[in-house]
Amino acid sequence: MSGATGVPEVTDADFGTEVLGADLPVLVEFTADWCPPCRQMAPVLTALAAEESTRLKVVQLNVDLNPLTTNAYRVLSMPTFMVFRGGEPVRSMVGARPKRRLLEELSDVV
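Everything numeric in this text was worked out from a predicted model, so none of it was measured.

1. As for the pattern of salt bridges
A complete count under the given rule lists 6 salt bridges for this structure. Among the salt bridges present, the one from Arg91 reaches Asp108, with a minimum N-O distance of 2.8 Å. With Arg91 in strand E5 (residues 88-94) and Asp108 in the segment after helix H4 (99-106), this pair connects stretches of sequence that are 17 residues apart. Note that Arg97 and Glu105 form a salt bridge whose closest N and O atoms lie 2.6 Å from each other. Residues Arg97 and Glu105 agree in their burial class; the two are buried. Several salt bridges share partner residues, and in doing so they unite Arg97, Arg101 and Glu105 into one network.

2. Quick notes on H4
All of the buried residues along H4 are Leu102, Glu105 and Leu106. Viewed along the axis of H4, the buried residues span an arc of 100°, placing them on a single side of the element. Among the exposed residues of H4, those oriented more than 90 degrees off its buried face are Arg100 and Glu104. Here the buried face of H4 lies against strand E2 (26-31), helix H2 (36-51), strand E4 (80-85) and E5.

3. Focus: the sheet that holds strand E1 (residues 9-10)
Within a sheet, neighbouring strands are paired by backbone hydrogen bonds and run either parallel or antiparallel to one another. The strand order E1-E3-E2-E4-E5 describes an open sheet built from 5 strands, whose pairing is mixed. The sheet is open, and its two borders are formed by E1 and E5, each paired with just one other strand. Pairing of E4 with E5 involves 6 bridges; the strand directions are antiparallel. Residue pairing across strands places Arg85 opposite Glu88, the latter belonging to E5. Here H2 sits on the sheet in contact with E2, strand E3 (57-62) and E4, set at roughly 165° to E2. Here H4 sits on the sheet in contact with E2, E4 and E5, set at roughly 150° to E5.

4. Here we look at the environment of Val7
Structurally, the position occupied by Val7 is in the segment before E1. Relative accessible area serves as the criterion here: at 1%, Val7 is assigned to the buried category. Between the alpha carbons of Val7 and Lys57 there is a distance of 9.6 Å; along the sequence they are 50 residues apart.

5. Regarding the pairing of E3
Of all 6 residues in E3, 5 are buried; the element is thus mostly enclosed. Where E1 and E3 come together, 2 bridges link them in parallel fashion. Residue Glu9 lies in a different strand from E3, and its bridge partner there is Gln60. Bridge count between E2 and E3: 6 bridges; the pairing is parallel. Along E3, the bridge assignment pairs Glu29 with Gln60. Handedness of the crossover is the feature at issue here: the chain leaves E2, passes through H2, returns alongside E3, and the resulting connection is right-handed.

Quick notes on the rules
Residues numbered from 1 in each chain as written. Predicted model: local features only at pLDDT ≥ 70, side-chain atom pairs only at ≥ 80, totals over all residues. Heavy atoms only, no water. Salt bridge = Lys/Arg side-chain N within 4 Å of Asp/Glu carboxyl O. Helix = DSSP H or I, 4+ residues; strand = E, 2+ residues; numbered from the N terminus. Buried < 20%, exposed > 50% of the residue type's maximum accessible area, 1.4 Å probe, protein only. Arc of directions from axis to C-beta. Contact = heavy atoms within 4.5 Å. Pairing = 2+ DSSP bridges. Axes fitted to C-alpha atoms, helices over the stretch in contact; angles between N-to-C directions. Right-handed = clockwise from strand over helix to strand, strands pointing away.

Written as structure tokens, this is what we have:
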């Protein structure tokens, strides 16, 4: 299922399969419908997903609809970006940022 941005959405139910069990590193945006900075990130994530599809999987998780995963990773602010590799969180970033900066921050984990 795709979110409003065209970036696939994951849920508490499929987080293990889609994120923890993924072959590629996965960038998860913990997001919420009521979060303006999250909406600002939509075109950035859509572009990133398209450009980096061979090296990085990009997904969103709605924190209001998926409290188990949100609480498990102690996500308190939106947007929070976490990179998972081999089933483990390897990077966490809070707040909206331009695509160039996001790519720089991802460069050592993808």
